[in-house]
Each structure stands twice: as C-alpha cells, then as structure tokens.
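Structure assessment
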Amino acid sequence: MRPHLLQDTTLRYFLAVAQSGSLTEASARLHVAASALSRQIAGLEAQLGTPLFERHARGMVLTAAGEILAVHARRTLLDAERALGEIGALQGLRAGQVRLATSDAFANELVPRLCVEFQRTYAGVQFSVIALPTAQVPDAVRSGAADIGLCFSRAPHKDIDVAYRQSAPVLALLPPGHPLASAGSVTLAQMAAYPLALPPAETTVRQMIDIVCSRQGLQLEAVLISNHAKTVVNFVQLGGGLSVASEIAVRHLVAEGAIVALPISDPGMDLRDIEIQTLAGRSLPVAAQAFLELLKEQLPRPW
C-alpha cells in the first residue's frame, strides 16, 4: 500500500503543485488533468477563504497561507508513511522503505555497506539513496524527500534535528611510502610541496582550506580539481600526489593499507562535524529508525 492512499486527495494535489510550482508538471506527475487540479485547489481556497498560490505566467508560488498548509500536508504524508512502517513492523520489518539523502563521501562506501548489512536482517526493506551536495541534504530532509540526511555540516539548519553528531576533521591523504607518510601529522605548507588534488572552491572542505591558507599567506596549486570523492582518492592511490578527505570516506582503504590518512595540524581544519539529520518534530517510520540506529553504531571511530 502506498502512503498517498492514506492522505486526503485534495491535500495531495495541493502538495504536488506546491512542490513543482506548476499545474502542468503536477498533472504529469499525478496523471490527473490540470483542469481537475485547478478545480481542487480553487475549492480548497474557497473553503479556507484565502489564496494559497500567487499565479504567475511562469508558474505558481505559495502565499504565506499556502506555506503553512504545505507544511501540514507534508507532515500528513510523512505520518502516513510512518503508519505503514509500523504496520510493516508487525510483520517483523519484512516491509518498509528507508530514504536517505547523503553527501558523496558517504555514498561511495559506508552507505552501500550498511544497506547490505541491514538487509541481511530485514530482507523486505527497500532503500532509496540520493547523493547530493552537502548544502542540499537538509533541504531533502525538510521537504520529506528523505527520511534521514547524512552529511558534513558546520552550522545549524532550520527545522532540522541532529540525531547524531561526530567531529570530522579534514585529513591529508597520502600513498603508502610517501616521504610524509610516517609523520604523525602534516601541515598544509608541507603538502604544498607536492602535487595536489583538491575539491572545488564551492565545497565546505575547500573553503576551510582557503581560509586557513589565507591566514598564512599560503597558496595551494592543485593539479586536479574534482567534486567527486572517488576521483581524488584514486588520484592518491595511483601515486599522482596528495589530497584531502574525511576519515569516514577512506576508512576501508586505510584499514587495507591502500592509503595513508594523517591529521592536518593547522588550526581550523577540525571545525566540521558529521551529522545524521531528521525533520524536527517527526517520528521516523520503524524501518528508518532502525537504520538510523545502525548508522549511529557504525559511524564512531576513535582517532
């Protein structure tokens, strides 16, 4: 059974238009005529005695009243999902869905491994995993597109609860046998003497690096810039030079001896956390809550 079957049809139509900003797009998504959607929304506005949308040539934008109703409609749908999850729990978690929004560093290794581990116990649970830029993960949780967000964060987010937080300093990545590999830690100035692969300027990690470098009057010249974690890690493994990452992104490679990860001793390179995020005030479906507990169990690692 799908959650929308437990939700009022008018609210479901309203929410589809609110999310897409267009009657045409909502019509295509719902397989319902645009005229029918328009009538339902007009009837809802008449009942409430206030406009819910501002109609523009390029689409429909929620009014203040519409924003309030959209929050209610999203929570109604999420409550329906939770009810279905609890019904599935009566069957021993042989049903249900876990929807994750995660940044790239977690999507490559940690999340797939935990999905496999979880399904060995709860074979009927399905997963939806979307990899997003860090800044977009809270938005996916806030909109209801994801039950759980997993990302790096440095600031609080509106309507987001942090179910678990763990410090995640930026580490230097080196190939085994590198001249710096036996050191207890390195500095950015030491790294600057070797070819570097770095994330692009808009990423949190790069911004942290740039702030620290600015304070020192240090310039880092990257021979490779990529927003894909696997690309920079492979660059290091293949002997191209050095890079940076979080411990969680390379934990398996460090354990295998395929790469060396060292703390960066410059002040400011530790001002970042891993967060498991959920929507404030929401009770997760049983399957999602069970997976969240597995995440909390598997993330910690003493450094």
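Since the structure is predicted, the reported quantities are computational estimates derived from the model, not experimental observations.

As for the UniProt feature "domain: HTH lysR-type" (unreviewed entry) in the chain
UniProt marks residues 11-63 with the feature "domain: HTH lysR-type" (unreviewed entry), using the numbering shown here. Taken end to end, residues 11-63 comprises 62% helix and 15% strand; its first and last C-alpha atoms sit 16 Å apart.

Things to note about the packing of aromatic side chains
Summed over the entire model, instances satisfying the criterion amount to six aromatic pairs. Ring geometry for F127 and F291: centres 5.0 Å apart, planes at 65°, overall edge-to-face. Taken as a pair, F127 in strand β4 (residues 126-131) and F291 in helix α12 (residues 286-298) lie far apart in primary sequence, 164 residues in all. Three or more aromatic residues joined by ring pairs make a cluster, and in this case those are F118, Y122, F127 and F291.

Focus: the environment of Q219
Take Q219: it is sitting in the loop between α9 (204-216) and β9 (222-225). Residue class for Q219 comes out exposed when judged on its relative accessible area of 66%. For the pair Q219 and L188, spaced 31 residues apart in sequence, the C-alpha separation works out to 9.5 Å.

Comments concerning the sheet that holds strand β3 (residues 97-102)
Spatially, the five strands line up as an open sheet ordered β4-β3-β5-β12-β6, and their pairing is mixed. In this open sheet, the two strands that pair with only one neighbour each are β4 and β6 (160-167). Within this sheet the neighbouring strands show an average axis-to-axis angle of 20°, counted without direction. Where β6 and strand β12 (residues 273-279) come together, seven bridges link them in antiparallel fashion. Bridging across to β12, D161 finds its partner in T278. Contacting β3, β4 and β5 (148-153), helix α6 (residues 110-121) crosses the sheet at an angle of about 175° to β4.

Points about α6
Under the 1.5 Å per step criterion, the end-to-end length of α6 is 17 Å for 12 residues, consistent within 8% with the ideal 16 Å. Buried within α6 are the following residues: L110, V111, L114, C115 and F118. Viewed end-on, α6 has its buried residues packed into an arc of 125°, placing them on one side of the element. Where α6 is buried, its residues touch β3, α5 (104-107), β4, β5, α11 (247-256) and α12.

Remarks on the packing of helix α1 (residues 9-20) against helix α3 (residues 34-48)
As a packed pair, α1 and α3 sit with axes 9 Å apart at the nearest point and diverge in direction by 105°. If you check the angle between α1 and α3, you find them roughly perpendicular. Side by side, α1 and α3 meet where T10, Y13, F14 and V17 of the first sit next to L37, Q40, I41 and L44 of the second. Split by residue class, the contact of α1 with α3 holds six nonpolar, two polar and no charged.

What counts and how
Residues numbered from 1 in each chain as written. Predicted model: local features only at pLDDT ≥ 70, side-chain atom pairs only at ≥ 80, totals over all residues. Heavy atoms only, no water. UniProt positions renumbered as here; feature names shortened; annotations may be inferred. Helix = DSSP H or I, 4+ residues; strand = E, 2+ residues; numbered from the N terminus. Phe/Tyr/Trp six-rings, centres within 6.5 Å; stacked < 30°, edge-to-face > 60°. Buried < 20%, exposed > 50% of the residue type's maximum accessible area, 1.4 Å probe, protein only. Pairing = 2+ DSSP bridges. Axes fitted to C-alpha atoms, helices over the stretch in contact; angles between N-to-C directions. Contact = heavy atoms within 4.5 Å. Expected span 1.5 Å × (residues − 1). Arc of directions from axis to C-beta. Parallel < 35°, antiparallel > 145°, perpendicular 65-115°, else oblique. Nonpolar A, V, L, I, M, F, W, Y, C, P; charged D, E, K, R; others polar.

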